[in-house]
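# An overview of the molecular structure
Each chain is listed here by its residues.
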Amino acid sequence: MGQVSLARFLIEQQRAGHINADLRLLIEVVARACKSIAHAVSKGALGGVLGDAGTGNIQGEAQKKLDVLSNEILLEANEWGGHLAACASEEMDHCQPIPNAYPKGNYLLLFDPLDGSSNIDVNISVGTIFSVLRCPDGVTEPQDEHFLQPGNTQVAAGYTVYGPSTMLVLTVGTGTHAFTLDREQGSFVLTQRDMRIPEDTKEFAINMSNQRHWFEPMQRYVGELLEGKTGPRGKDFNMRWVASMVADVHRILTRGGIFIYPRDRKDPDKPGKLRLMYEANPMSFVVEQAGGAATNGYERILDLQPGQLHERVAVFLGSKNEVEVATRYHREAGDR
């Protein structure tokens, strides 16, 4: 059959009735933007884009120059294509409508242009996460509130990981599929169809330095993992933590594991650290389509009704049976 390019894969999905031409072209535009970001990332210090841009984003985090550049690349690539009504980015306070000079489409695009960017300076994998929603019927000038749809309404989601190779992992609701950038050809090639996350695992990913801030069910869960073979879980667990969500989730998709970013006492007013719209929803869609699970410790992430564009959420995702145990401990404890 030979190599299947991303373009060919999307045309096959369109012929099968899973996506329409506009969504196909939108995904191709996002993939093309990610290729430009991959190029900028791979230049590293040579590109003069490392370090701090001297501006803060809405969350008060220092923005890296490459964050700003990646944001601009995605905005520019998508504004003239005619497939979008508006964009929203983790790096911008409010959504950005498509300029009136361009034709408008029926989709809303959300993205985290450069996830894990604190790792850029030390040459560790970073990535782009994206999510596509339908623009509500009759809305010609989308506002922030039109993006506030539960994750189960996503029509496509995925991420690109800029690592030793550049990989695009995508779902349009028909499984999760991985594409690798062939730098000679300049195109993404299908390298794994129907990725499956093992239901059981011996690996967990969490920032252990926050342990003293965790609530009781979290202490219990990780405590049991650390007891290993002689503890109630009856097996030894390994810990992995890249501190780049894309890299951690990609490892879980490839070989299993559970990724956890819980709510804690460090900042009790915040329901978690990760953003529901830009990180948790797209990653949960990708993970569920690969046979995994994703909850906020109590309920399925994709069923949550967002209240604001930059809402935060606790995240437990990965191997189904492990997510189930962690979620059960939280439900049993009852405190939220």
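A brief structural summary. Treat the numbers as computed from the prediction; the structure is a model and nothing was measured.

What follows concerns the overall build of the protein. Tallying secondary structure elements over the protein gives seven helices and 17 strands in all. Projected onto its principal axes, the C-alpha positions of the protein cover 60 × 45 × 45 Å. For the protein, the residues scored as buried account for 58% of the 336 residues in total. For the protein, contacts bridging at least 24 residues in sequence account for 64% of all contacts bridging at least 6.

Here we take up the side chain of threonine 166. Assignment of secondary structure puts threonine 166 in strand 8 (residues 166–171). Its relative accessible area of 2% is what places threonine 166 among the buried residues. There is a polar contact of 3.1 Å between the side chain of threonine 166 and the side chain of arginine 183. When near neighbours in sequence (up to four residues on either side) are disregarded, threonine 166 contacts Ala38, Thr160, Val161, Phe179, Thr180, Leu181, Arg183 and Phe188.

This part covers the pattern of salt bridges. The tally for this structure, following the rule as stated, stands at 16 salt bridges. Two residues, glutamate 12 and arginine 193, come together in a salt bridge whose shortest N-O distance is 3.9 Å. Placement of the pair is glutamate 12 in helix 1 (residues 6–15) and arginine 193 in the loop between strand 10 (187–192) and strand 11 (203–205), with a sequence separation of 181 residues. Owing to a relative accessible area of 39%, arginine 193 belongs among the partly exposed residues under this scheme. Among the salt bridges present, the one from glutamate 322 reaches arginine 233, with a minimum N-O distance of 2.7 Å. You can see glutamate 322 sitting in helix 7 (residues 320–333) and its partner arginine 233 sitting in the loop between helix 4 (216–227) and strand 12 (238–239), a full 89 residues away along the chain. Note on glutamate 322: relative accessible area 2%, which makes it buried. Salt bridges sharing partners connect three or more residues here, namely Glu203, Arg240, Asp248, Arg251 and Arg255.

Right, let's get into the sheet that holds strand 9 (residues 176–182). Paired through their backbone hydrogen bonds, the strands of a sheet run either parallel or antiparallel. Read from one edge of the open sheet, eight strands run 4-3-5-6-7-8-9-10, paired in mixed fashion. With one partner strand each, in any of the chains shown, strand 4 (96–97) and strand 10 form the two edges of the open sheet. Of the strand pairs in this sheet, strand 3 (residues 84–89) and strand 4 are connected by two bridges, and their pairing is antiparallel. By the bridge assignment for strand 4, alanine 86 is matched with proline 97. Of the strands in this sheet, strand 5 (107–115), strand 6 (126–134), strand 7 (156–162), strand 8 and strand 9 are in contact with helix 5 (residues 245–255), which crosses strand 7 at around 105°. Its contacts with the sheet place helix 6 (residues 276–289) against strand 3, strand 5, strand 6, strand 7, strand 8 and strand 9, and it is angled at close to 85° to strand 6.

Our next topic: the environment of threonine 295. By secondary structure assignment, the location of threonine 295 is in strand 15 (residues 293–295). Residue classification places threonine 295 among the buried residues on the basis of a relative accessible area of 10%. Threonine 295 sits 259 residues away from serine 36 along the chain, and the two C-alpha atoms are 33 Å apart. When sequence neighbours within four positions are dropped, the list of residues in contact with threonine 295 reads Arg300, Ile301, Ala314, Val315, Phe316, Val323 and Thr327. Within the structure, threonine 295 has its side chain in polar contact with the backbone nitrogen of glycine 297 (distance 3.0 Å). A distance of 2.8 Å separates polar atoms of two side chains, one belonging to threonine 295 and the other to threonine 327.

So, on to the packing of aromatic side chains. Counting across every chain of the model gives four aromatic pairs. Centroid distance tryptophan 241 to phenylalanine 259: 5.7 Å. Interplanar angle 20°. Geometry classified as stacked. Here tryptophan 241, found in the loop between strand 12 and helix 5, pairs with phenylalanine 259, found in strand 13 (residues 258–261); they are 18 residues apart in sequence, far enough to count as distant. We classify tryptophan 241 as partly exposed; its relative accessible area is 26%. The class for phenylalanine 259 is buried, based on a relative accessible area of 2%. Connected via pairs of aromatic rings, a cluster forms that spans Trp241, Phe259 and Tyr261. The ring of tyrosine 329 carries arginine 220 above its face, with NZ or CZ at 3.6 Å from the centroid.

About the cut-offs
Residues numbered from 1 in each chain as written. Predicted model: local features only at pLDDT ≥ 70, side-chain atom pairs only at ≥ 80, totals over all residues. Heavy atoms only, no water. Helix = DSSP H or I, 4+ residues; strand = E, 2+ residues; numbered from the N terminus. Buried < 20%, exposed > 50% of the residue type's maximum accessible area, 1.4 Å probe, protein only. Contact = heavy atoms within 4.5 Å. Polar contact = N/O pair within 3.5 Å; in protein donor to acceptor, adjacent residues only side chain to side chain. Salt bridge = Lys/Arg side-chain N within 4 Å of Asp/Glu carboxyl O. Pairing = 2+ DSSP bridges. Axes fitted to C-alpha atoms, helices over the stretch in contact; angles between N-to-C directions. Phe/Tyr/Trp six-rings, centres within 6.5 Å; stacked < 30°, edge-to-face > 60°. Lys NZ or Arg CZ within 6 Å of the ring centre and 35° of its normal.

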